[in-house]
Amino acid sequence: MPKKRSGGGLSPTQQAAKFLGVSVLAGAVMAGIALPAAGALGLAAKGSVKSFDEIPANLKSPQLSQRTTILDNQGKQIATVYSRDRTVVDLKDMSPYVQKAIVAIEDSRFYKHGAIDLKGVLRALNKNAQSGGVAQGASTLTQQLVKNYFIEEAGDDPTKVAEATQQTLGRKIRELKYAIQIEDKLGKKKILENYLNITFFGEQAYGVEAAAQRYFSKHAKDLNLQESALLAGIVQSPSRYDPVNDEAEATKRRNIVLQRMAEVGDISQKEADRAKQEPLGLHPSRPRNGCITAVKGAGFFCDYVRDTVLTDPVFGKTKEERAKLWNQGGLTIRTTLDPQAQQSVQASVKDHVYKSDAVATAASIVEPGTGKILAMGQSRPYGFGPNETQINLSVNQEMGGGAGYQPGSTFKPIVAAAAIEGGKPPTQEYSSPYEMPYPSPVNACNGRIWRNDPRKPAKLTNENESEHGPYGMKEATAKSVNTYYVQLISDIGICPVIDMAKKMGVARADGRKIDQAPSIALGTQEMSPLTMANAYATFASRGMYCTPVAIESITRKVGSQVKSMEVPKSTCSRAMSEKTADTVSTLLKGVVEDGTGQEAGLGDRPSAGKTGTTDERFAAWFVGYTPNMAGAVWVGDPQHKRKMINISIGGVPHDKVFGGEVPGPIWRDMMNGALEGKPVEDFNLVDIPDDDSGDGQGKGRGGDNGGTNGDTTGQVIGGLIGGLTDGGTTDGGTTGDTTAGATGGTIPTPTFSLPGNFIQGQGNGGPSGNGNGGRRG
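Here the structure is a predicted model, which is why all the values come from computation and not from measurement.

**Let's talk about the overall build of the protein**
Part 1 of the argument: On a plain count of helices and strands, the protein comes out with 24 helices and 25 strands.
Part 2 of the argument: Scored against the burial criterion, the 777 residues of the protein give a buried share of 58%.
Part 3 of the argument: If you take every contact in the protein between residues at least 6 apart in sequence, the share linking residues at least 24 apart comes to 73%.

This is the structure:
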């Protein structure tokens, strides 16, 4: 004779025998006791044995979805996110009252029957026959657990959820067989523990621990009698008995549970009566889920972490696998976010740009040599209200950002690096006139040639007529002289610059290829702040480029075990020689010391950087670095509609905005705070002789209060007539050559001439390309 298991219940053989013995009646019962017609009973019974035998016996408990916790690099919580708010706890961490309450109201014979309760089946069938419909169910806690397994496995797929809950004979048969298996393998205590961890208690709370926190702001182990009865009563209909929205209905249901507990002997009638007189005692905690819960303005960084998990193949070969991992949760993600740097970024952004301003700012800081993202913030907060957004203005489109912004003259150091790496000395001089047509022809990639249209050649100018060369690279970089850099890229060719950009991780934010036109020297290709910060980190690390990373480690709770997971690693490669990087650092140190970036200086701490302001002032930048941190600041209208002329930003009026004037101080303040307490390191500088050529006319550094406030680099000409040609045939027009300029003395109005009907777009990533191009800032 088969043995009974300890704790009650029949063996699998006995369960199967009982199942077959009541198969005629169970046809209706197994379909959810929802088939009142007698004809349906015969149909349900017919073939039930075959269907029962064909179901696989190896049901596996699903990995329950739980909350994911995101931490900074110090182990402090940034945010909690979840598909389902659940914290799995052991039975010993659940109040005995809640264990008794759920059994009393849902399956009072739980400890006396096996997977199927024959008495319950007959009782329910009788009740339903009397009512002529479905008045009572007969599912045991074990069967309900199996049903919840099916629902959990379905995840957020509405089709699969419908299949898991549909009232069909096939599903009920499958549920019964798996219930028998679970009873045999787990035993009563584990079944009860699993049930209390998986079931839905309303108000976004899955499992008794989350429910205890949601309704009473306490742990499940601390629930008292009346609190336990309330939670147990919710399970039957979480919306109907929701105590937050209908206290009276919830109280009635709680009291029914208390009375049932007295009837089955879990408590005395006196205890039940006393508990019924108690108020619900709610102390609800507000449901807070997702990156909107992030502290220190780290909501956008939190989103970046999420997008990393959803897109990086290390987390799954397919997007479905990665989505399932994220939705199941249970992850503890330790990130690269530095709380000091993050707080400094947010404080600086808040001080300089109001969230209600017509324009916004975004900033990122990365660590040279590791690619670790240390901070990421913006003036428009993460949210759904006025002057809030879910678009991460710091990153590329594929990671939740926009189409990017033209970086203006902050792209020029990449041109300088390509030239120096190719053998050009930093003393290289060019005539750098005030005004000139784009040099033509210019070598591009794959044997192609870029040519200016001889009938209507595109021209560029410097900031004012007194600004003319000859210049060497040092002074041209400090003053951000456009005609110099266009002559430089025309000399070395376009392809070395595109190759250098690729080595430094510089790519368009919208995923398109960088255009092969000399105008790219003036920053006409839309980039994101994170891209530019990480590119400049290559200079800081003496030529080593490292891919950006946001995650340091991940552990995942699987059952009672905590397992480490593989995470994406930064890949570092040499983009240029140490000498080239050191030479660029020397050039950019001059920009901060006595060039256009003086307002971004860090005092006694050595720094280097570059300003940038796009044509018509749709965007202004400062990108810079120390040996241990690199950061980028962008200011502008994300919609590319508001020019920064006659504008108030952060309560300060500006006739015209320049990169050194608005982004520069933001960069200075955020970097000072981020670097406080960090070692003061110096660059490995090289000796670049001062420029001695020319008579010095037009080279005064001037500017407001002795500083150079702007470096307007001119008008980008959208849809340029010139193009890449091969063998004399047009191979496609350039999409954004530029007229340009450089400052000296005060800040005049840019002077330039445009061919008729020549302006297109505003650099918004449209099909015509760059739109308007780069200024100096």
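Right, picking up where we left off after that structure.
**Focus on the confidence of the model for the protein**
Interpretation of this model should avoid reading the predicted coordinates in detail wherever pLDDT is low.
Part 1 of the argument: On average, residues of the protein carry a pLDDT of 81, and 76% of them reach 70 or more.
Part 2 of the argument: Ignoring residues within four places in sequence, the model shows residues 133-137, a span with pLDDT below 50, making 14 contacts including any to other chains.
Part 3 of the argument: Confidence over residues 693-776 falls short of pLDDT 50; this stretch has 322 contacts with residues more than four positions distant or in other chains.

**A look at the packing of helix α5 (residues 96-106) against helix α12 (residues 225-234)**
Part 1 of the argument: α12 packs onto α5 with a crossing angle of 40 degrees between their chain directions and a minimal axis gap of 8 Å. The angle between α5 and α12 falls in the class oblique. Note on packing geometry: the crossing formed by α5 with α12 is right-handed. The segment α5 lies against α12, with Tyr97, Val98, Ala101, Ile102, Ile105 and Glu106 engaging Leu225, Ser228, Ala229 and Ala232.
Part 2 of the argument: Considering only residue class, the contact of α5 with α12 consists of 8 nonpolar, 1 polar and 1 charged.

**Focus: the pairing of strand β17 (residues 619-625)**
Part 1 of the argument: By the criterion of burial, β17 is predominantly enclosed, with 7 of the 7 residues buried.
Part 2 of the argument: Judged by which residues are buried, β17 turns out to be covered on both faces: Ala619, Trp621, Val623 and Tyr625 on one side and Ala620, Phe622 and Gly624 on the other are all buried.
Part 3 of the argument: Note that strand β16 (residues 608-614) and β17 share 6 bridges and pair antiparallel. Looking at the pairing, Thr611 lines up with Phe622 of β17.
Part 4 of the argument: In terms of strand pairing, β17 meets strand β18 (residues 630-636) through 7 bridges, oriented antiparallel. Opposite Ala620, over in β18, you have Val635 as the bridge partner.
Part 5 of the argument: The turn linking β17 back onto β18 is made up of 4 residues.

**What to know about helix α10 (residues 188-198)**
Part 1 of the argument: Across the 11 residues of α10, 9 count as buried, placing the element largely inside the fold.
Part 2 of the argument: Among the residues of α10, Lys188, Ile191, Leu192, Glu193, Asn194, Tyr195, Leu196, Asn197 and Ile198 are the ones counted as buried.

**Concerning the packing of aromatic side chains**
Part 1 of the argument: Tallied over the entire structure, the rule returns 13 aromatic pairs.
Part 2 of the argument: Each member of the aromatic cluster is reached from another via a ring pair, and the members are Tyr536, Phe539, Tyr625 and Phe683.
Part 3 of the argument: Of note, Lys188 hangs over the ring of Phe110, and the distance from its end group to the ring centre comes to 4.4 Å.

**A short note on the pattern of salt bridges**
Here the idea is simple: oppositely charged side chains can pair when their charged atoms come close.
Part 1 of the argument: The tally for this structure, following the rule as stated, stands at 23 salt bridges.
Part 2 of the argument: A salt bridge links Glu227 to Lys218, with the shortest nitrogen-to-oxygen separation between them at 3.1 Å.
Part 3 of the argument: Judged by relative accessible area, which is 22%, Lys218 ranks as partly exposed.
Part 4 of the argument: Here the salt bridges share partners, and the residues they tie into one network are Arg67, Asp85 and Arg214.

**Quick word on the sheet that holds strand β13 (residues 551-558)**
Part 1 of the argument: If you trace the 5 strands from one edge of the open sheet to the other, you get β2-β1-β3-β13-β14, paired in mixed fashion. Bordering the open sheet on either side are β2 (77-81) and β14 (561-565), each of which pairs with just one other strand. Along the sheet, successive strands turn relative to each other by an average axial angle of 20 degrees, direction set aside.
Part 2 of the argument: Relative to β2, strand β1 (residues 68-71) runs antiparallel, the two sharing 4 bridges. Among the inter-strand pairings, Ile70 is bridged to a residue of β2, identified as Ala79.

**Considerations on the packing of helix α18 (residues 412-421) against helix α23 (residues 578-594)**
Part 1 of the argument: Between α18 and α23, the least distance of the axes is 9 Å, while the angle of their chain directions is 140 degrees. Of the possible angle classes, the one that applies to α18 and α23 is oblique. Regarding α18 and α23, the two cross each other, and that crossing is right-handed. Mapping the contact onto sequence places Pro413, Ala416, Ala417, Ile420 and Glu421 in α18 and Thr580, Thr583, Val584, Leu587 and Leu588 in α23.
Part 2 of the argument: Grouping the amino acids of the contact of α18 with α23 by side-chain chemistry returns 7 nonpolar, 2 polar and 1 charged.

**Here's the deal with the nonpolar core**
Part 1 of the argument: With 101 residues, the main nonpolar core has Tyr484, Leu488, Met504, Phe539 and Tyr625 as its most contacted residues.
Part 2 of the argument: Not counting residues up to four positions away in its chain, the partners in contact with Leu488 are Val415, Ala416, Ala419, Tyr430 and Met473.

**Brief notes about the state of the cysteines**
Part 1 of the argument: What the rule picks out here adds up to 3 disulfides.
Part 2 of the argument: The side chain of Cys291 participates in a disulfide bridge whose partner is Cys302; the two sulfur atoms lie 2.0 Å from each other. Every disulfide takes its handedness from the sign of the S-S torsion; for Cys291 and Cys302 that torsion is -70 degrees, giving left-handed. Taken together, the residues Cys291 in the loop between α14 (269-276) and α15 (299-311) and Cys302 in helix α15 connect sequence positions 11 residues apart.
Part 3 of the argument: The side chain of Cys445 participates in a disulfide bridge whose partner is Cys495; the two sulfur atoms lie 2.2 Å from each other. Taking the torsion about the S-S bond as the criterion, the Cys445 to Cys495 disulfide, at about 110 degrees, is right-handed. One end of the pair, Cys445, is in the loop between β8 (442-443) and β9 (449-451); the other, Cys495, is in helix α21 (residues 494-503), and 50 residues separate them in sequence. Accessibility assignment for this pair places Cys445 and Cys495 in one class, buried.
Part 4 of the argument: For the protein, the bonded cysteines pair up as 1-2, 3-4, 5-6 when numbered in the order they occur along the sequence.

**Notes on the pairing of strand β5 (residues 373-378)**
Part 1 of the argument: Within β5, 6 of the 6 residues are buried, which leaves the element mostly enclosed by the surrounding structure.
Part 2 of the argument: Turn length for the strand β4 (residues 360-366)-β5 hairpin, with the two strands adjacent in sequence and antiparallel, is 6 residues, and the turn residue Gly369 shows positive phi of about 85 degrees.

Parameters at a glance
Residues numbered from 1 in each chain as written. Predicted model: local features only at pLDDT ≥ 70, side-chain atom pairs only at ≥ 80, totals over all residues. Heavy atoms only, no water. Helix = DSSP H or I, 4+ residues; strand = E, 2+ residues; numbered from the N terminus. Buried < 20%, exposed > 50% of the residue type's maximum accessible area, 1.4 Å probe, protein only. Contact = heavy atoms within 4.5 Å. pLDDT = per-residue confidence, 0-100. Axes fitted to C-alpha atoms, helices over the stretch in contact; angles between N-to-C directions. Parallel < 35°, antiparallel > 145°, perpendicular 65-115°, else oblique. Left-handed = near helix turned anticlockwise from the far one by under 90°. Nonpolar A, V, L, I, M, F, W, Y, C, P; charged D, E, K, R; others polar. Pairing = 2+ DSSP bridges. Phe/Tyr/Trp six-rings, centres within 6.5 Å; stacked < 30°, edge-to-face > 60°. Lys NZ or Arg CZ within 6 Å of the ring centre and 35° of its normal. Salt bridge = Lys/Arg side-chain N within 4 Å of Asp/Glu carboxyl O. Core = buried A, V, L, I, M, F, W, Y, C linked by side-chain atoms within 4.5 Å. Disulfide = S-S within 2.5 Å.

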